[in-house]
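# Architecture at a glance
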Amino acid sequence: MVMGMNNEPYMAMYDVRGIQDYIFKTNYAKEIIGASYLVDSIIINGLREYIKTLEPGEQCRYMLDWEHDDASAFQSHEEILMQVMFIGGGNSYVLFRDKETAHRVNRYLGRYILEHTYSLNLAVAMLKKGDSYAKDYQNINKEMQRIKAKMPEVRPVGALPFMDRDSITGFPLCKERKEHGEEHIYCTEAALKRDAFLKRETVYAEASGKKDNAEKIFDNMVTEKGENSSLAICHIDGNSMGIRIQKRMQNIESYEEAIPVMREISMQIAKSFRETFDEMCVRMDELSPKIKQGVQLYRELIVAGDDITFICNAGLAIEAIQYFLQRISEKGYSACAGISYFNSHFPFSDAYQVAEACCSSAKKRAKKPQHRGTDGAIGCYLDFQICTNVRAAELSSYRDKHYLVDGEHIIARPYYVPSEMEGEDGKELNRKNEKNNIEHLKKWLKNFANEKFIARNRAKKLRNTIPEGLREIEAYLFFLKSRDVRLENPKEQYRYWYDALELLDIDLLGKEGGRDEVKN
């Protein structure tokens, strides 16, 4: 931290660490929904609560409405003690008139997050404000990276040997709750999530005039309980947003110019991704009746800027993600996505980690030089994994163990979603990534799902033959040809075949079993 005079202004940057893990660290649907509601806008909510502790005459000296207030107020009026500059990429940037004010707010925020979540940590970077916004922004992000790298993972004290403990968190069971006429006891974290779930349900009912019945939402999503109880967690993350912002801001030095531009950028990103998510939900509503009538087959969990996570019926995932990525590219943005398929007995926390790992895998391929467009443009990719083993979160090693044959992977994923972007960037991206085009996968999904093309038992036999190597594949294709099933060019096509056949087989997940059943 750079020290300075007590009356010198400071810039602070806030980052709540571990939000995604916090949300999915449970196998109870209501705790997942409650946690996502709890952490939504938690920094702004904490600042609002802090201002409520002040005298009425002091409250007007703190400015939180960064989307609508005067961006130059802090620069122009010395009586303003705090102003939120903007919120973007999950981080909040705030100006303080002096160090003492900043420290008071920081202490309150740390306590607020602890009391309302029990286990989340607040990372704070703070530097003396200079005259150059560009330098301050660069320095405070470097300071945050340094702080997060050295910041220990602080967790509340776990249960002592003589205490009953939560099987997932390890925290002591200490909060009694009466639910559905029965007494239950939970750890503090779980109790806070359940309280937030009840609050969220009340808010929804008041806004919509109907009960959401969120307690049963995951049960409703599956096509059928048992063999067809497959769900999907989908995680979407924007590509190179930091670089995009840097290009826009590279010639802007002063705070007077920079703050309005940064606000515009942050709001535009959030608006574009939010609108695209809502459009995708409409698309899922259109597709849902083909899978199951009368219920919503998806659930929003996190939509924060370019960071999106939702859960849906397994049958919707590929179509929904493809639609989202195509629409977001039309708006001039790029994103990657990961899909984790699992049954209702598989641990949510592990399934989410797989989705996140798939998203990282998609980004890794998208950012390779040979896949970039003109001027280094990055295309939209998606990856997926079927979870039958909790170790699938270690995606690279898991795939090397299960999909590596004769030194080569038998899967083609991640897949490129063709760009809808206008101009040379879009054309170049589509040309360079044609081999990974998702249409190859969809073509074979359609073919293998058609029993007139190939009988189901023979399709499964082909799936089981592919891991035995190219020679065995060719031998089985010779047999299929004698049964009027023609599959040509196996050396170029078998990876698409395997991906499609594995996706078609996700209904078998219901028979695989798992560690802990997801409960309501």
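Thresholds, definitions, all that
- Residues numbered from 1 in each chain as written.
- Predicted model: local features only at pLDDT ≥ 70, side-chain atom pairs only at ≥ 80, totals over all residues.
- Heavy atoms only, no water.
- Helix = DSSP H or I, 4+ residues; strand = E, 2+ residues; numbered from the N terminus.
- Expected span 1.5 Å × (residues − 1).
- Buried < 20%, exposed > 50% of the residue type's maximum accessible area, 1.4 Å probe, protein only.
- Pairing = 2+ DSSP bridges.
- Contact = heavy atoms within 4.5 Å.
- Axes fitted to C-alpha atoms, helices over the stretch in contact; angles between N-to-C directions.
- Phe/Tyr/Trp six-rings, centres within 6.5 Å; stacked < 30°, edge-to-face > 60°.
- Polar contact = N/O pair within 3.5 Å; in protein donor to acceptor, adjacent residues only side chain to side chain.
- Core = buried A, V, L, I, M, F, W, Y, C linked by side-chain atoms within 4.5 Å.

Under the 1.5 Å per step criterion, the end-to-end length of helix H13 (residues 348–366) is 27 Å for 19 residues, consistent within 8% with the ideal 27 Å. A large share of H13 lies buried, amounting to 14 of its 19 residues.

It is worth spelling out the sheet that holds strand E5 (residues 121–128) at this point. As summarised here, the arrangement of the five strands in space is E2-E3-E4-E1-E5, forming an open sheet in which the pairing is mixed. Either end of the sheet is taken by a strand with one partner, and the two such strands are strand E2 (62–63) and E5. Direction of pairing for strand E1 (residues 10–17) relative to E5: antiparallel, over a ladder of eight bridges. Looking at E5, one finds that Ala12 is bridged to Met126. Strands in contact with helix H3 (residues 42–52) are E1, E2, strand E3 (82–88), strand E4 (91–96) and E5; relative to E3, the strand with the most contacts, it is inclined by about 165°. Across the sheet, helix H7 (residues 133–150) lies against E1, E3, E4 and E5, angled at about 140° from E5, the strand it touches most.

Moving on, we come to the packing of aromatic side chains. According to the stated counting rule, one finds 23 aromatic pairs in the structure shown. Their ring planes at 20° and their centres at 6.4 Å tell us that Tyr108 and Tyr112 sit as a pair that is stacked. Residue Tyr108 and its partner Tyr112 are located together in helix H6 (residues 99–117), separated by four residues, close to a single helical turn. By relative accessible area, Tyr108 is classed as partly exposed at 25%. Grouped by ring-pair contacts, the aromatic residues Phe86, Tyr93, Tyr133, Tyr137 and Tyr255 constitute a single cluster.

So, on to the environment of Asp69. Along the chain, Asp69 turns up in the loop between E2 and helix H5 (73–76). Judged by relative accessible area, Asp69 falls into the buried class, the value being 18%. Along the chain, Asp69 and Ile269 lie 200 residues apart, while their C-alpha atoms are 19 Å from each other. Side-chain polar atoms of Asp69 contact the side chain of Arg263, separated by 2.6 Å.

Looking now at the nonpolar core. Note that soluble globular proteins tend to have their nonpolar side chains buried in a common cluster. Core analysis: the biggest nonpolar cluster contains 151 residues, and Tyr133, Phe310, Tyr341 and Trp497 have the highest contact counts within it. Per-element tally for this core: the top contributor is helix H11 (residues 255–287), with 13 residues. In this structure, Phe310 is in contact with Ala232, Ile233, Cys234, Ile236, Phe277, Met280, Met284, Arg299, Glu300, Leu301, Ala320 and Ile321, ignoring residues within four places of it in sequence.

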